Amino acid sequence: NKRTLAPASDVYSLGLVLFEMLTLRSLKSLEPGARLRRLRRDLPPEVDGLVMAMLSEDPHERPWDGAKLAARLETLLHSLQTGVSSTVTDSSAFW
């Protein structure tokens, strides 16, 4: 099964870095399906949703590229600052 590098590969890599920065653990050392929020209950569900979307095995479930991710991060930051919820569970929000 041949894999192609695409912008979503960079999104996955950044997701790994964020996961490890926020948990101080390697994702690969945890059981499959480990969620960020299970390890950091103090994080908003929106942060968990975005980071876990970035780490999706299916590249089509991740934000497509850095521009889409930056827009999503900006929306997330705004929602956290204003208290207006912005749920990141539907991957179609990234396309």
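Scroll up for the structure.
Everything numeric in this text was worked out from a predicted model, so none of it was measured.

(A) Local environment of the overall build of the protein. When you go through the protein residue by residue, the secondary structure sums to four helices and zero strands. Expressed as a percentage of the 95 residues in the protein, the buried residues total 35%. Pairs at least 24 residues apart make up 53% of the contacts formed inside the protein by residues separated by at least 6 positions.

(B) Molecular detail of the pattern of salt bridges. The final tally for this structure, using the stated rule, is three salt bridges. When the shortest N-O distance is used, the salt bridge between Arg38 and Glu31 registers 3.8 Å. Judged by its relative accessible area of 41%, Arg38 is partly exposed. When its relative accessible area of 54% is taken as the criterion, Glu31 is described as exposed.

(C) Layout of the packing of helix H1 (residues 7-23) against helix H3 (residues 45-54). H3 packs onto H1 with a crossing angle of 135° between their chain directions and a minimal axis gap of 7 Å. Classed by the angle they form, the pair H1 and H3 counts as oblique. Judged by residue contacts, Val11, Tyr12, Leu14, Gly15, Leu18, Phe19 and Leu22 of H1 engage Val47, Val51, Met52 and Met54 from H3. Its residues assigned to classes, the contact of H1 with H3 comprises ten nonpolar, one polar and no charged.

(D) Spotlight on a nonpolar patch on the surface. Taken together, the side chains of Leu14, Val17 and Met21 make up a nonpolar region of the molecular surface, amounting to roughly 280 Å² of accessible area. In this structure, Met21 sits in helix H1. Residue classification places Met21 among the exposed positions, given a relative accessible area of 58%.

About the thresholds
- What you see as residue numbers is a count from 1 along each chain, following the sequence as written.
- Local features in a predicted model are, by the rule used here, given only for residues with pLDDT of at least 70; side-chain atom pairs are given and counted only at 80 or more, and totals for whole chains, interfaces and linings are based on all residues.
- Note that water and hydrogens are dropped before the side-chain values are worked out from all heavy atoms of the structure.
- Going along the chain from the N terminus, every DSSP run of H or I of four or more residues is numbered as a helix, and every run of E of two or more is numbered as a strand.
- Relative accessibility under 20% of the residue-type maximum defines a buried residue, over 50% an exposed one, and the middle range a partly exposed one, all with a 1.4 Å probe and only protein chains included.
- Residues are treated as being in contact if the distance between any of their heavy atoms lies within 4.5 Å.
- By definition here, a salt bridge exists when the distance from a side-chain nitrogen of Lys or Arg to a carboxyl oxygen of Asp or Glu is within 4 Å.
- Between N-to-C directions, angles cover 0 to 180 degrees, with each direction set by a line fitted to C-alpha atoms, over the stretch in contact for helices.
- Orientation is classified from the angle alone, with under 35 degrees giving roughly parallel, over 145 giving roughly antiparallel, 65 to 115 giving roughly perpendicular, and any other angle giving oblique.
- Residues are sorted three ways: Asp, Glu, Lys and Arg are charged, Ala, Val, Leu, Ile, Met, Phe, Trp, Tyr, Cys and Pro are nonpolar, and all the rest, Gly among them, are polar.
- Excluding any residue in a salt bridge, patches collect residues exceeding 30% relative accessible area, merging like charges within 9 Å and nonpolar Val, Leu, Ile, Met, Phe, Trp and Tyr side chains within 5 Å.
- Reported accessibility uses the Shrake-Rupley method at a 1.4 Å probe radius. Residues are deemed covered only where the shown protein chains occlude them.

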